[in-house]
Amino acid sequence: MTRALIVIDVQESFRAHPLWETISDPKITDRVDRLVRLAREAGDTVVWVLHAEPGSGDVFDPALGHVRLMDELRREEGEPLVHKTSHNAFTTTNLQQLLTERGVRELTVCGIRTEQCVETTTRLASDLGYRVTFVTDATATNPIPHRDAPADQSVAELLADPRTLGADEVIRRTEYALAGRFAVIATVDELETAAASRA
């Protein structure tokens, strides 16, 4: 078992956040579930990662009950679950130890916040020597406000501001930055086709 699927932050915290209405793919669990099934059928490790900010009082505070997998997803017995407090999935967890113990050298990554938690995990994994596949259509993110936008900007103001970087553009730029240097960029369909050809 030399491969692992890392599912990053596909958690109810995001649905409880006001920005959820701007998410690039509100049905991200459909594609993530397809990847999980592919990984299980191949005998790969599936690692679930959740972001937590204890004591913050917001949607990432475990005390509020949102720090859990989105309801459509199911973790099977024996599949590791780690909680991170940094953007990437390595720095504040034992993820690298888990992967080393299982002999994993190849990673497939997916999840929420394409350009943030998924990208930083991809970059660090690459630096640690893993071969990484970034499944671009199994990630989701939100538009990014301009650096000069007010911190208390409403969702309507965010979307109306011409300086806002749209979610599709965020994803495109992330693919461009990662491709060929930190990861192979793939889609769920491509991975399913490759798995079928190996069967």
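Read on for a plain summary of the structure. All figures in this text were calculated on a predicted structure; none of them were measured in a lab. (Residues numbered from 1 in each chain as written. Predicted model: local features only at pLDDT ≥ 70, side-chain atom pairs only at ≥ 80, totals over all residues. Heavy atoms only, no water.)

**What about the overall build of the protein?**
Working step 1: A tally of helices and strands in the protein yields seven helices and six strands.
Working step 2: In the protein, the order of α-helices and β-strands from amino to carboxyl end is β-α-α-β-β-α-β-α-β-α-α-β-α.
Working step 3: Computed over C-alpha atoms, the radius of gyration of the protein comes to 17 Å, within 12% of the 16 Å expected from 2.2 N^0.38 for 199 residues, which places it in the range of a compact globule.
Working step 4: Taking the principal axes of its C-alpha atoms as reference, the protein extends roughly 50 × 35 × 30 Å.
Working step 5: By the burial criterion, 47% of the 199 residues in the protein qualify as buried. (Helix = DSSP H or I, 4+ residues; strand = E, 2+ residues; numbered from the N terminus. Rg over C-alpha atoms; globule rule 2.2 N^0.38 Å. Buried < 20%, exposed > 50% of the residue type's maximum accessible area, 1.4 Å probe, protein only.)

**So, helix α2 (residues 28-42)**
Residues spaced three or four apart along an α-helix face the same direction, because each turn holds 3.6 residues.
Working step 1: For α2, which comprises 15 residues, the first-to-last C-alpha distance of 22 Å matches the rise-based estimate of 21 Å (1.5 Å per residue) to within 8%.
Working step 2: Turning to α2, its buried residues are I28, T29, V32, L35, V36, L38 and A39.
Working step 3: At its buried positions, α2 is contacted by β1 (3-8), α1 (12-15), β2 (45-51), β4 (106-112), β5 (131-140) and α7 (188-198).
Working step 4: G43 sits one or two residues past α2 and shows a positive phi near 80°. (Expected span 1.5 Å × (residues − 1). Contact = heavy atoms within 4.5 Å.)

**Let's talk about the state of the cysteines**
Working step 1: Enumeration according to the criterion identifies zero disulfides in this entry.
Working step 2: C117 provides the cysteine sulfur closest to C110, a residue in no disulfide bond, and the two sulfurs are 13 Å apart.
Working step 3: Taking the relative accessible area as the measure of exposure, C110 reaches 0% and is therefore buried. (Disulfide = S-S within 2.5 Å.)

**Thoughts on the environment of D161**
Working step 1: Looking at where D161 falls in the secondary structure, it is placed in the loop between α5 (155-160) and α6 (167-178).
Working step 2: A C-alpha to C-alpha distance of 8.6 Å links D161 and A149, two positions 12 residues apart in sequence.
Working step 3: Not counting chain neighbours up to four residues away, the residues in contact with D161 comprise A149 and Q153.
Working step 4: A polar atom in the side chain of D161 sits 2.9 Å from the backbone nitrogen of R163. (Polar contact = N/O pair within 3.5 Å; in protein donor to acceptor, adjacent residues only side chain to side chain.)

**What to know about the pattern of salt bridges**
Working step 1: Counted according to the given criterion, the structure contains 17 salt bridges.
Working step 2: Two residues, K84 and D9, come together in a salt bridge whose shortest N-O distance is 2.9 Å. Taken together, the residues K84 in strand β3 (residues 81-84) and D9 in the loop between β1 and α1 connect sequence positions 75 residues apart.
Working step 3: Residue K84 is classed as buried on the basis of its relative accessible area of 0%.
Working step 4: On the accessibility criterion, D9 (1% relative accessible area) is buried.
Working step 5: Between D189 and R34 there is a salt bridge; the shortest N-O distance is 2.6 Å. (Salt bridge = Lys/Arg side-chain N within 4 Å of Asp/Glu carboxyl O.)

**Re the sheet that holds strand β6 (residues 184-186)**
Strands pair in a sheet through their backbones, by hydrogen bonds, and they do so in one of two ways: parallel or antiparallel.
Working step 1: Overall, parallel pairing links the six strands, which are arranged β3-β2-β1-β4-β5-β6 in an open sheet. Edge positions in the open sheet fall to β3 and β6, since each of these has one partner strand only. Mean inter-strand twist for the sheet, computed between neighbouring axes without regard to direction, equals 25°.
Working step 2: Bridge analysis of β1 against β4 gives six bridges, and the strand direction is parallel. When the sheet's bridge partners are listed, I8 is paired in β4 with G111.
Working step 3: Seen against the sheet, α6 touches β5 and β6 and runs at an angle of roughly 175° to β5. (Pairing = 2+ DSSP bridges. Axes fitted to C-alpha atoms, helices over the stretch in contact; angles between N-to-C directions.)

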